[in-house]
Amino acid sequence: MAARIDFATQCTAQPTSDDNWGETTTAVTGTSEHSLSQEDIVRITKDLEESVGLGCRRYLSLTLGLLLGLLVFLTPLAFLVLPQVLWPERVQPCGTACEGLFISVAFKLLILLLAVWALFLRPPRAALPRIFVFRALLALLVLLLVLSYWLFYGVRILDSQDENYQGIVQYAVSLVDALLFVHYLAIVLLELRQLQPCFCVCVTRNTDGETRHYNLGQLSIQRAAMVILENYYKDFPVHNPALLTASKSRAAKHLAGLKVYNVDGPGNNATAGQSRAMIAAAARRRDTSHNELYYEEADHERRVRKRKARLVVAVEEAFTHVRRMQEEELKKPPGEVMDPREAAQAIFPSMARALQKYLRTTRQQHCHSMESIQKHLAFCITHNMTPKAFLESYLTPGPTLQYGRERWMASQWTLVSEASVTSSLRDGTAFLLKCIDFSLVVTTKGIPYIKLSEEFIDPKSHKFVLRLQSETSV
Amino acid sequence: MSFVPGEPVTAVVQRIEIHKLRQGENLILGFSIGGGIDQDPGQNPFSEDKTDKGIYVTRVTPGGPAEVADLRMGDKIMQVNGWDMTMVTHDQARKRLTKKNEDVVRLLVTRKGLENAVRNAMM
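Here is what the cut-offs are and how they apply
- Position labels on residues start from 1 in each chain and follow its written sequence.
- Think of it this way: whatever chain is written first is A, whatever ligand is written first is 1, and the rest follow in order.
- At least 70 in pLDDT is required for a residue's local features to be given in this predicted model, at least 80 for side-chain atom pairs to be given and counted, and no such filter applies to totals for whole chains, interfaces and linings, which use all residues.
- Note that the side-chain values use all heavy atoms of the structure and ignore hydrogens as well as water.
- A run of DSSP states H or I qualifies as a helix once it reaches four residues; a run of E qualifies as a strand once it reaches two. Both are numbered from the N-terminal end.
- The contact criterion used throughout is that any non-hydrogen atoms of two residues lie within 4.5 Å.
- Criterion for a salt bridge: a side-chain nitrogen of Lys or Arg within 4 Å of a carboxyl oxygen of Asp or Glu.
- Only protein chains enter the accessibility calculation, which uses a 1.4 Å probe. A residue is then buried if its area is under 20% of the maximum for its type, exposed if over 50%, and partly exposed in between.
- An expected span of 1.5 Å times one less than the residue number is assigned to each helix.
- Two axes enter the bend calculation: one fitted to the seven residues ending at the residue in question, the other to the seven starting there, and the bend is the angle between them.
- Interaxial angle, 0 to 180 degrees, is taken between N-to-C directions of lines fitted to C-alpha atoms, where a helix line uses only the stretch in contact.
- Working definition: roughly parallel below 35 degrees, roughly antiparallel above 145 degrees, roughly perpendicular at 65 to 115 degrees, and oblique for all remaining angles.
- Note that Gly is not counted as nonpolar here; it falls among the polar residues with everything else outside the nonpolar set of Ala, Val, Leu, Ile, Met, Phe, Trp, Tyr, Cys and Pro and the charged set of Asp, Glu, Lys and Arg.
- Every patch collects residues that have over 30% relative accessible area and no salt bridge, joining them within 9 Å if they carry like charges and within 5 Å if they are nonpolar side chains (Val, Leu, Ile, Met, Phe, Trp, Tyr).
- Here, Shrake-Rupley sampling with a 1.4 Å probe gives the accessible areas, and only protein chains in the shown set may cover a residue.
- Summed over both partners, the accessible surface that disappears when two parts come together, traced with a 1.4 Å probe, is what is meant by buried area.
- We call two strands paired when DSSP finds no fewer than two bridges between them.
- Counted charges follow a simple rule, with Lys and Arg positive, Asp and Glu negative, and His plus the chain ends left uncounted.
- We put the charge of a Lys on NZ, of an Arg on CZ, of an Asp on CG and of a Glu on CD.
- Grid spacing is 1 Å over the protein atoms alone, the probe is 1.4 Å, and a cavity is where that probe fits but cannot get out, while a pocket is an open set with protein on both sides within 12 Å along at least five of seven lines and lining residues have an atom within 4 Å of a point.
- Grid points are joined across faces, edges and corners, and a volume is the space filled by probe spheres set on the points.

## What about unusual backbone geometry?
For Asn384 of chain A, which is not glycine, the phi torsion reads 55° and is therefore positive. The backbone of Asp70 of chain B sits at a positive phi, close to 70°, despite the residue not being glycine.

## Describing the side chain of His183 of chain A
Note that His183 of chain A resides in helix α5 (residues 165–192). When sequence neighbours within four positions are dropped, the list of residues in contact with His183 of chain A reads Leu112, Ala115, Val116, Leu119 and Phe120 of chain A.

## A few points about the pattern of salt bridges
Overall, the coordinates contain 17 salt bridges over all chains when judged by the stated rule. With a shortest N-O distance of 3.5 Å, Arg302 of chain A and Asp299 of chain A are connected by a salt bridge. Taken together, the positions of Arg302 of chain A and Asp299 of chain A, both in helix α9 (residues 289–320) and three residues apart, correspond to about one turn of that helix. Its relative accessible area of 52% is what places Arg302 of chain A among the exposed residues. Connected through salt bridges with shared partners, the residues Asp91, Arg94 and Lys95 of chain B form a single ionic network.

## Describing helix α10 (residues 340–361) of chain A
Residue and element names in this part refer to chain A. For α10, spanning 22 residues, the distance from its first C-alpha to its last is 29 Å, which sits close to the expected 32 Å at 1.5 Å a residue. The principal kink in α10, of about 55°, is found at Pro349. All buried positions along α10 are accounted for by Ala343, Ala344, Ile347, Phe348, Met351, Ala354, Leu355, Tyr358, Leu359 and Thr361. Looking at the buried residues of α10, the elements they touch are α9, α11 (370–382) and α12 (387–395). Residue Arg363 follows α10 closely and has a positive phi angle near 60°.

## What to know about the packing of helix α4 (residues 133–158) of chain A against α5 of chain A
All names here are of chain A. At a minimum axis distance of 10 Å, the contact between α4 and α5 shows a crossing angle of 170°. The angle between the axes of α4 and α5 places the two elements in the roughly antiparallel class. In this structure, α4 uses Phe134, Arg135, Leu138, Leu141, Val142, Leu145, Val146, Tyr149, Phe152, Tyr153 and Ile157 to contact α5, whose residues at the interface are Ile168, Tyr171, Ser174, Leu175, Ala178, Leu179, Val182, Leu185, Ala186, Leu189 and Leu190. The residue makeup of the contact of α4 with α5, split by class, is 20 nonpolar, one polar and one charged.

## Some points on a nonpolar patch on the surface
All names here are of chain A. On the surface, a nonpolar cluster with roughly 590 Å² of combined accessible area is contributed by Leu71, Ile131, Val133, Leu137, Leu140, Leu143 and Leu147. With five residues, the top contributor of residues to the nonpolar patch is α4. Of note, Leu137 is situated in helix α4.

## As for the interface of chain B and chain A
The interface of chain B with chain A comprises 19 residues on the first partner and eight residues on the second. Between chain B and chain A, the buried area comes to about 1,100 Å², and carbon and sulfur atoms account for 45% of it. By the criterion of area lost to chain A, the three top residues of chain B are Gln39, Asp40 and Gln43 of chain B, representing 36% of everything that side buries. For Arg59 of chain B, the salt bridge goes to Glu471 of chain A, with nearest N and O atoms at 3.6 Å. For the side of chain B that touches chain A, the elements supplying multiple residues, two or more each, are β4 (31–34), β5 (55–60) and α2 (90–97) of chain B. Top element by residues in the side of chain B that touches chain A is β4 of chain B. It accounts for four residues.

## Quick notes on the sheet that holds strand β1 (residues 199–205) of chain A
Remark on secondary structure: sheet strands pair via backbone hydrogen bonds, oriented parallel or antiparallel. Residues and elements named next belong to chain A. With respect to topology, five strands assemble into an open sheet ordered β2-β1-β5-β4-β3, the strand pairing being antiparallel. Edge positions in the open sheet fall to β2 (211–216) and β3 (414–417), since each of these has one partner strand only. When strand polarity is set aside, the average angle formed by the axes of neighbouring strands in this sheet is 25°.

## Remarks on the pairing of strand β4 (residues 430–434) of chain A
Residues and elements named next belong to chain A. Covered by surrounding structure in β4 are Phe431 and Leu433 only, the residues Ala430, Leu432 and Lys434 on the alternate face being uncovered. The pairing of β3 with β4 spans four bridges and is classified as antiparallel. Counterpart to Val416 in the pairing with β4 is Leu432. With five bridges connecting them, β4 and strand β5 (residues 439–446) associate as antiparallel partners. Of the residues in β5, the one forming a bridge with Leu433 is Leu440. Linkage of β4 to β5, two consecutive antiparallel strands, is achieved through a turn of four residues.

## Quick look at a positive patch on the surface
All names here are of chain A. Among the surface-exposed residues, Arg303, Lys306, Arg310, Arg353, Lys357 and Arg363 lie close enough to one another that they form a single positively charged patch. Counting only elements with at least two residues in the positive patch, the list comes to α9 and α10. With three residues, α9 is the largest single contributor of residues to the positive patch. Position of Arg303 among the secondary structure elements: in helix α9. For Arg303, a relative accessible area of 40% translates into the label partly exposed.

## Here's the deal with empty space enclosed by the protein
Following the criterion strictly, the structure yields one cavity of 30 Å³ or more and no others. What the largest cavity holds in volume is close to 100 Å³. Along the walls of the largest cavity sit 16 residues, with Gln469 of chain A together with Gly34, Gly35, Asp40 and Asn44 of chain B positioned nearest its centre. Considering only residue class, the lining of the largest cavity consists of five nonpolar, eight polar and three charged.

Okay, structure coming up:
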């Protein structure tokens, strides 16, 4: 895809011969005004088609959850109220013990309400491809529980119009108790089970090889993917496609100079042999691309360091021009008084050029817009940050969350896996998390079983002697 | 000169007779000793076996009585006037060498190469 777009820009730029199109490949960035980058196209199409599907599923699960919740909360109340409504004259009056049970039902229902609010009514973190198996099973369990209680109630109490009201109240209390225990089960299954780490996943980005390791508990593949992606946004430096073009052009140059001629006539049943011959010839060719790489990298290093020195000096000088107004100056302001945004705009021009040049040398210029730089400068001035603290976010590429929302691409992730995504992680599981122009390769390894033995040292056993080495003259 | 615990030590030794020199009120021999069973044998630069706790000659003053008597640096002293020096402390060794009522000390010393020299001479 990238090649096609490159060809398009090349046609409008300058006419070059076909043989060395690899050497004039332009980098694909998202800022040209005439061409749409690949990221934009894919993003538009994906936004259109997915906003409909995911919304439906989310609302469906939300309504089902609400219905189940209503059923769960109204059932004990119904159990208590129905005898009073249906056969009020035959119901036994409620004694002391029975009324005490009313308080118990009320408080247990309140606790259940708060617990459900804490555990289930949180904003969803992610939309997973398949259903969350444990939640579905728990919902099913609760439904079965409530239905069986209703069945019993319907047959033994409603049909026979039982008069023992205290027994009915105790029955309702037992239902609320059972629901509280199911909630305990929900906590253990949904929250506690995956806390103990037993797998170590190794996450590698396929474009530049950035690798991180995380410890995870027993999770299904989709939930593990969710945890990994949450950590990706804070741990991995932002993906910068502009840094990868150098190796691609080197690779293109490596094979570009070879042409295969078939001298044995037009029988081409040796295409495999042809490509192997090409690889062998390319390997044997004495090319000096390693030399070029070494000098190019040394040169680049020196250029970056020079630009960085100029930038640091410019920023330090700029910061000396502005200072916080003191308390006693409030009555008689010395000069023009500015708020942080204006102060940032005032000192920005003196460092803008150096900063722009540095960003261009390190190929980060499309990650930072002028607007964002000024906003960051105003933020740093407000919080009394030193020039070094201001520069920190430009000198090293930070995590993806540090940059604007358009870099996040949070809705473009695809989980590619050979095993079913609801199956749990195992030693040796490997799957892929694909984003638009890079993917994260995830491999799992079990944390080893540690056998710890003890050795007791008596504190009195720490005794020392000096190493003597004396020489005596006689 | 390997030492097997429990077995008698055998070595080819050279007899050296040193006449003490009077310097002021001291009688000096003109060399320095190191080693002893209370010392650290691993730091001895002259021993072949680094667990050897014998007494070694670490320095010989040029022109002194020891040099005149052909004592060399690195020699291991086995006996002094009949007293054994292979299993003594550093201080005991010093005392045996610096007895005030003795003018002459007769040492039995051994060094590397003595055994080869003897063997070559016999062949």
